[in-house]
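A look at the structure
Read off the chains here:
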Amino acid sequence: MNMQWMTIYKKECLESARNYKWVWVPLVFILFCIMDPLTTYYLPQILESTGGLPEGAVFDIPTPPAANVFMMSISQINTLGVLVITLITMGTIAGERKSGVAELILVKPVSYTAYVTAKWAAHVTLVLLSIFVGLIASWYYVQLLFGDVSFMYALITAAFYSLYIILVISISLFMNTWTKIPGVVLFLTISIILVLNLITSIFSHLLEWSPTTITSHLPALLRSGEVGQDLWMAALITILLIISLLFGAIQTLKRREIV
Amino acid sequence: MIHLKNLTKTFGKENAVKNITFDLSQGKCVALLGPNGAGKTTTLKMIAGLMHPSSGQVELSSGGGDDIRKYIGYLPQHPQFHNWMTGKEFLQYVARLSRISKLESIKLAEELVERVGIADAKNRKISSYSGGMKQRLGIAQAMIHKPSVLLLDEPVSALDPIGRRDVLNLMEELKQEATLLYSTHILSDAEEASDEILLMHKGEIVESGSLQDVKERHQVDKVTLRLEGNVQPFKEKLETLPFVTHTDVQKQKIHVYVQNVTEARDVLLELVTKEQWPLLFFEVGQTTLEDLFMEVVNEHAMDDHL
């Protein structure tokens, strides 16, 4: 089990290296994360140079607090980032089954648990690393252009946000075992996240600990560094969901016909 | 070794494999023979555990509840690899997945690329491999964990004559190490490499046994004549003879299946001389496996029409 797990994990990491995922995914996240701090700061200059304002008009754009700007980076990840994450994970099992490689791999005495969790871990490593690099870049620019944000608090915020991201990866992995078509995985994963968001906002009084509420707790966390009880519970629920999704993925794959 | 009991696989309403039962005994080389769509691939995939039977089961006598995959090596009809890996890397990867130590898997990979004849390309990306090289790599990956049963799905059908020769030789060697079950729709490949054949048609095993037995069981004496011009009138005349069971026309050739070969030869030659048939070719012989193959397939095809 252990040896197989490491073998698959290393193979996944090597694959990401060979198609340059270790380069472009962090770069993409850095781009997402610094976009808002930079455009917000340079907005007056941008408006001026494009000449969009009528002559004589005076616009007083207030500078937003530093913490808010950092949160803008997180909300970028929440939209564009989630899409990129799903794009890079949508074919990890589905693609192997579709092409037929899975036939050769799973006909060997490979544990399904190792196969699923090693792939999951490899993607979690890549994505979390990219998000951390991106958020550190964001923090740097926020610090430089807007004012002080505690680095420690930013790290804690990123750590809690990571849980939500891991959930996204787990949903995608789970969907990977249900269909052989990567495009369908993408569609299902994004749909589930949207529905989850929608349900949470409609039944907000009932679903106080839904995983999507994590993001709404983050601004307070970033300012005070204090983890509220609701956030702890939401984190716990998220972890439980991640575990059940992984378990579900393993069971589904076991019951599936590989070809 | 491996026992298949009443194995059935249904896709929707279609029975891909119907209630087949057979034993695969140790050290044998068995050819699973049949036309396209006979259910050969489905059978192999069920043995390999890639497909689940609709009913019936596959049992392995040596493994008591153990993971059957340990003992099985499988080569799909069109093997697919991680194309970004090199041939050697892929073999090492598969070896490591089969719980072989790192040092050992490096050694095995080196040995196997040599053995299947892709040593020159071992450090090249698999995406640059030709079809034949992929097939060889496929065989190498199937045998890397020294399985006791090797399942090969059409191992030689897609190869050029040289590749085919090499793979058949390799299979001859492999017979010493493992039980071989391979599917093919090419009769000469079955005749060449196997000890036993299983003839499948429409999901059923219609004939099985050692090659010699099967041949003997279906061997019929046959006289083949090739004539100029329209052969139809001669065919009709031949069918009236008492010792002729049936005839078969193939372009200019008439295959005459007979009961008493000595009598038939004399009578036919006499008839040819007396009536001055435009004879081009005359042969006395016996039916081959190919005739059997055609016969079985046709016989069953006929049943379907009725």
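Chain B has the name ATP-binding cassette domain-containing protein in an unreviewed UniProt entry, where Halobacillus litoralis is given as its organism. As stated in UniProt under Sequence similarities (unreviewed entry), the record for chain B gives "Belongs to the ABC transporter superfamily."

**Looking at the overall build of chain B**
If you tally the helices and strands in chain B, you get 10 helices and 13 strands. Each principal axis of the C-alpha distribution contributes one length, and for chain B these read about 80 × 45 × 35 Å. Look at the contacts in chain B between residues 6 or more apart in sequence, and 67% of them connect residues 24 or more apart.

**So, the overall build of chain A**
Across its full length, chain A carries 10 helices and zero strands. Secondary structure elements of chain A, listed N to C terminal, follow the sequence α-α-α-α-α-α-α-α-α-α. Each of the three principal axes of chain A carries a C-alpha extent, and together these read 75 × 40 × 30 Å. Burial analysis of chain A (259 residues in total) assigns 39% to the buried set. Sequence separation of at least 24 residues holds for 83% of the intrachain contacts in chain A that already meet a minimum separation of 6.

**Considering the sheet that holds strand 12 (residues 253-258) of chain B**
What links the strands of a sheet is backbone hydrogen bonding, and the strands pair in either a parallel or an antiparallel sense. All names here are of chain B. With respect to topology, four strands assemble into an open sheet ordered 11-12-10-13, the strand pairing being antiparallel. A strand with exactly one partner marks an edge of an open sheet, and here the two such strands are strand 11 (244-250) and strand 13 (279-286). When strand polarity is set aside, the average angle formed by the axes of neighbouring strands in this sheet is 15°. As defined by bridge partners, strand 10 (residues 221-227) adjoins strand 12 across six bridges and the pair is classed as antiparallel. Residue pairing in the sheet places Leu225 in a bridge with Ile254 of strand 12. Contacting strand 10, strand 11 and strand 12, helix 8 (residues 232-239) crosses the sheet at an angle of about 165° to strand 11. Against the sheet, helix 9 (residues 261-275) touches strand 10, strand 12 and strand 13, its axis set at about 15° to strand 10.

**Side note on the pairing of strand 10 of chain B**
Residues in a regular strand point their side chains to alternate faces of the sheet. Pairing of strand 10 of chain B with strand 13 of chain B, which is carried by seven bridges, proceeds in the antiparallel orientation. Within strand 13 of chain B, the position partnered with B:Thr224 by the bridge is B:Glu283.

**Thoughts on the domain arrangement of chain B**
Split into domains, chain B comes out as domain 1 (2-211) and domain 2 (220-286). With centres defined by C-alpha atoms, the gap from domain 1 of chain B to domain 2 of chain B works out at 43 Å.

**As for the interface of chain A and chain B**
Of the residues lining the interface, 20 residues belong to chain A; the matching set on chain B comes to 26 residues. Elements supplying a minimum of two residues to the side of chain A that touches chain B: helix 1 (2-18) and helix 5 (101-106) of chain A. If one sorts the elements of the side of chain A that touches chain B by residue count, helix 1 of chain A sits on top with six residues.

**Observations concerning the sheet that holds strand 4 (residues 55-60) of chain B**
All names here are of chain B. Read from one edge to the other, the open sheet built from three strands follows the order 2-1-4, with strand pairing classed as antiparallel. The sheet terminates laterally at strand 2 (14-24) and strand 4, the two strands that pair on one side only. Neighbour-to-neighbour, the strand axes of this sheet turn through a mean angle of 15°, independent of strand direction.

**What about the packing of helix 9 (residues 214-224) of chain A against helix 10 (residues 229-255) of chain A?**
Think of two packed helices as two axes; the pair is described by the angle between the axes and how far apart they sit. All names here are of chain A. Where helix 9 contacts helix 10, the axes come no closer than 10 Å and their chain directions differ by 140°. Regarding the angle of helix 9 to helix 10, the classification is oblique. Both helix 9 and helix 10 take part in a crossing whose hand is left-handed. Between helix 9, through Ile214, His217 and Leu221, and helix 10, the contact on the second element is made entirely by Asp230, Leu231, Ala234, Ala235 and Thr238. Of the residues contributing to the contact of helix 9 with helix 10, the split by class is five nonpolar, two polar and one charged.

**Considerations on the nonpolar core**
Across soluble globular proteins, nonpolar side chains show a tendency to be buried alongside one another. Ranked by internal contacts, the top residues of the largest apolar core, which has 128 residues, are A:Phe70, A:Ile165, B:Leu91, B:Ala140, B:Leu150, B:Leu151 and B:Leu180. Looking at which element gives the most residues to this core, the answer is helix 7 (residues 151-176) of chain A, with 14 residues. Once residues lying within four places of it in the same chain are set aside, the contact partners of B:Leu151 are B:Leu44, B:Ile47, B:Ala48, B:Ile72, B:Gly73, B:Tyr74 and B:Leu181. Core analysis: the next-biggest nonpolar cluster, separate from the first, contains 10 residues, B:Val231, B:Phe234, B:Val256 and B:Ala264 among them.

**Brief notes about the environment of B:Ser98**
Tracing the backbone through its elements, the reader meets B:Ser98 in the loop between helix 2 (87-97) and helix 3 (102-116). The exposure class assigned to B:Ser98 is buried, which follows from the 22 C-beta atoms found within 10 Å. As for B:Ser98 and B:Lys146, which are separated by 48 residues in sequence, their C-alpha atoms are 9.8 Å apart. Residue contacts for B:Ser98: discarding those within four places in its chain leaves A:Lys108, A:Pro109, B:Ile144 and B:His145.

**Details of the confidence of the model for chain B**
Of the residues in chain B, 96% have a pLDDT of 70 or more, and the chain-wide mean is 86. Model confidence for the complex: the whole-complex pTM is 0.86, and ipTM, which rates the interface, is 0.88.

**Structural notes on unusual backbone geometry**
One non-glycine residue, A:Tyr20, adopts positive backbone phi at about 60°. Relative to the helices and strands, A:Tyr20 is located in the loop between helix 1 and helix 2 (21-50). The class for A:Tyr20 is exposed, based on 10 C-beta atoms found within 10 Å. The backbone of B:Arg99 sits at a positive phi, close to 60°, despite the residue not being glycine. With respect to the helices and strands, the residue B:Arg99 is situated in the loop between helix 2 and helix 3. Look at B:Arg99 and you get partly exposed, because 16 C-beta atoms sit within 10 Å.

**Quick word on the packing of helix 3 (residues 66-89) of chain A against helix 8 (residues 182-202) of chain A**
Residue and element names in this part refer to chain A. Put simply, helix 3 and helix 8 touch, their axes get as near as 9 Å, and they point 145° apart. Helix 8 is crossed by helix 3, and the crossing has right-handed handedness. Contact with helix 3, carried on its side by Val82, Thr86 and Leu87, involves Leu186, Thr189, Ile190 and Ile193 of helix 8 and no other residues of that element. Each residue belonging to the contact of helix 3 with helix 8 can be placed in one class, and the counts come to five nonpolar, two polar and no charged.

**Quick word on the environment of B:Ile197**
Residues and elements named next belong to chain B. Mapped onto the elements, Ile197 comes out in strand 8 (residues 196-201). Sequence-wise, Ile197 and Gln212 are 15 residues apart; in three dimensions their C-alpha atoms are separated by 9.8 Å. Excluding its chain neighbours within four sequence positions, the residues that come into contact with Ile197 are Ala31, Leu33, Ala190, Ser208, Leu211 and Val214.

**Structural notes on helix 1 of chain A**
The terminal C-alpha atoms of helix 1 of chain A lie 24 Å apart, and with 17 residues this matches the ideal 24 Å at 1.5 Å per residue to within 8%. Every buried residue of helix 1 of chain A is accounted for by A:Gln4, A:Thr7, A:Ile8, A:Lys11 and A:Glu12. Here the buried residues of helix 1 of chain A occupy an arc of 130° about the axis, which is enough to place them on one side. The elements touched by buried residues of helix 1 of chain A are helix 6 (112-145) of chain A together with helix 2 of chain B.

Criteria and thresholds
- Residues numbered from 1 in each chain as written.
- Chains lettered and ligands numbered in written order.
- Predicted model: local features only at pLDDT ≥ 70, side-chain atom pairs only at ≥ 80, totals over all residues.
- UniProt positions renumbered as here; feature names shortened; annotations may be inferred.
- Helix = DSSP H or I, 4+ residues; strand = E, 2+ residues; numbered from the N terminus.
- Contact = placed C-beta atoms within 7 Å.
- Buried ≥ 20, exposed ≤ 12 C-beta atoms within 10 Å, placed from the backbone.
- Pairing = 2+ DSSP bridges.
- Axes fitted to C-alpha atoms, helices over the stretch in contact; angles between N-to-C directions.
- Domains from an automatic or database assignment.
- Parallel < 35°, antiparallel > 145°, perpendicular 65-115°, else oblique.
- Left-handed = near helix turned anticlockwise from the far one by under 90°.
- Nonpolar A, V, L, I, M, F, W, Y, C, P; charged D, E, K, R; others polar.
- Core = buried A, V, L, I, M, F, W, Y, C linked by C-beta atoms within 7 Å.
- pLDDT = per-residue confidence, 0-100.
- Expected span 1.5 Å × (residues − 1).
- Arc of directions from axis to C-beta.

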